Amino acid sequence: MSIKVNLIEPISCHSFSHDRTQVAISSSNNKVHIYEEKNHKFCEKSVLEKHGMRITSIDWAPKSNKIVTCSADKNAYVWNYTNGVWIPAWVVLRLHKAATVVRWSPNENKFAVGSGDNKIAVCYFEKEQDWWICLHIKKPRSTVTCLDWHPNNTLIGCGSTDFKARIFVSFIKGVDDPNPPPSAWTTNKSQSNHHCIGEWPSKGMSGGWVHDVAFSPDGNHFAWVSHDSSVNLVHAKSIQNIISLKTMDLPYLSLTWLSTKTLIAAGYDCSPVSFKYDEKAEKLEYGEKLDKSTKKETDGFSAMRKFRDMDKFAISLNDHTSSVGDSGPETTHQNSIKEIRPFAHKGENVVQISSVGFDGKLVVWDVSRYV
């Protein structure tokens, strides 16, 4: 485990270059900072400035070396590295509300943008007009908070603030292969564009906003985390059977698969957590927290104890000299983890992940023993 970047401001999103020598991050503002590794340290190399409001998501395409960003200003830009300079190309999104999340497709011939406009904009490059345009999937019924592409480049999963996760067909004529790789999710009747393969709430729970979604490496499983502190998944062969695990942790904000049997989630508890999936038994099992320095609380969360002690001893919120209570969690991240992403692979399995948090830290974790 190693800390790569440590900023003063919260980090809301990040994405690494293909060779992992550069990382693009945004510190909850309208700029993208690109850091490059030199002598085992990351130093700022470039600053991308084009958005007028807070950047909500970044994705760096590994093959084409293009960066795509989206923002609360309802815009997205594709950045091309030309002659040592990052050049932005505006994307015609046709949105009336904030763009919330962006992800390149596996083939990098298109990308998807979620929005507060209850739409998913699937964007592609129009060569004749020399610009990026999009088609809208209008079937989500609320703000789209998260996206993930199926390995076949045609299906896209999303989560929304209406407490549901969904999978859609996203085929663009002239852009996608007319004969895409087969998928266990689709049939001949479900190949029509924008068809909803399925939608799922958190099984038997009070529900909550869906914070993140993820397809398994083989594409046969679809998982999501909700604000009710649950981890959920469905299998392509039995899409009506929701496998759900309600945890005692605070809600998770991000999710990724390490293999077809292991997931990692992270969020408000400041430490990534592993989960094991038993396909034969059709159940999820809570694994362990990755951060071994996590403090064990027997009488509630440390923040709750801090405020209880402050009230007991009549200590002001502005009194920074007192030693009563905790100064912060005894974890690597000192605040909520906003996003985790795969960092290094061994075959199809993820053996390292990166995380960014509201404490301004970027951390790389070795997760090879959890695969």
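Heads up: the structure comes first, above all this text.
Residues numbered from 1 in each chain as written. Predicted model: local features only at pLDDT ≥ 70, side-chain atom pairs only at ≥ 80, totals over all residues. Heavy atoms only, no water.

Turning our attention to the side chain of Glu-339. Counting through the fold element by element, Glu-339 comes out in strand S26 (residues 337–346). Looking at Glu-339, the relative accessible area reads 9%, which means it is buried. In this view, Glu-339 contacts Cys-13, His-14, Arg-103, Ser-254, Ser-354, Ser-355 and Val-356; residues no more than four positions away in its chain are not counted. (Helix = DSSP H or I, 4+ residues; strand = E, 2+ residues; numbered from the N terminus. Buried < 20%, exposed > 50% of the residue type's maximum accessible area, 1.4 Å probe, protein only. Contact = heavy atoms within 4.5 Å.)

Strand order in this open sheet of four strands is S22-S23-S24-S25, and the pairing throughout is antiparallel. Every interior strand has two partners, whereas the edge strands, strand S22 (252–257) and strand S25 (283–289), have only one. Strand-to-strand twist across the sheet, computed as the mean angle between neighbouring axes with direction ignored, equals 25°. When strand S24 (residues 273–278) meets S25, the two strands line up antiparallel, connected through five bridges. Residue pairing across strands places Val-273 opposite Lys-289, the latter belonging to S25. (Pairing = 2+ DSSP bridges. Axes fitted to C-alpha atoms, helices over the stretch in contact; angles between N-to-C directions.)

A cluster of like negative charges, contributed by Asp-218, Asp-278, Glu-279, Glu-282 and Glu-348, occupies part of the molecular surface. Looking at the secondary structure, you find Glu-279 in the loop between S24 and S25. (Patch = residues over 30% accessible without salt bridge, like charges linked within 9 Å, V, L, I, M, F, W, Y side chains within 5 Å. Areas by Shrake-Rupley, 256 points an atom, 1.4 Å probe, with all protein chains shown as cover. Salt bridge = Lys/Arg side-chain N within 4 Å of Asp/Glu carboxyl O. Lys, Arg positive; Asp, Glu negative; His and termini not counted. Charge placed at Lys NZ, Arg CZ, Asp CG, Glu CD.)

For the rest of this paragraph, the subject is the nonpolar core. Grouped together as the largest cluster of nonpolar side chains are 17 residues, with contacts concentrated most on Val-78, Val-91, Leu-93, Trp-104, Phe-111, Val-113 and Cys-123. Elements represented by at least two residues in this core include exactly strand S7 (67–71), strand S8 (76–82), strand S10 (99–104), strand S11 (111–115), strand S12 (120–126) and strand S13 (131–137). With three residues, the single largest contributor to this core is S10. Beyond its immediate chain neighbours, meaning those up to four positions away, Cys-123 contacts Val-91, Leu-93, Asn-109, Lys-110, Phe-111, Val-113, Trp-132, Ile-133 and Cys-134. (Core = buried A, V, L, I, M, F, W, Y, C linked by side-chain atoms within 4.5 Å.)

Now for the sheet that holds strand S19 (residues 221–226). Taken together, four strands build an open sheet; the order of strands is S18-S19-S20-S21 and the sheet is antiparallel. Every other strand in the sheet has two partners, leaving strand S18 (210–215) and strand S21 (238–246) as the edge strands with one partner each. The mean angle between the axes of side-by-side strands here comes to 20°, regardless of whether they run parallel or antiparallel. Summarising the sheet, S19 and strand S20 (residues 230–235) pair through five bridges and their orientation is antiparallel. Directly across from Trp-224, in S20, lies its bridge partner Asn-232.

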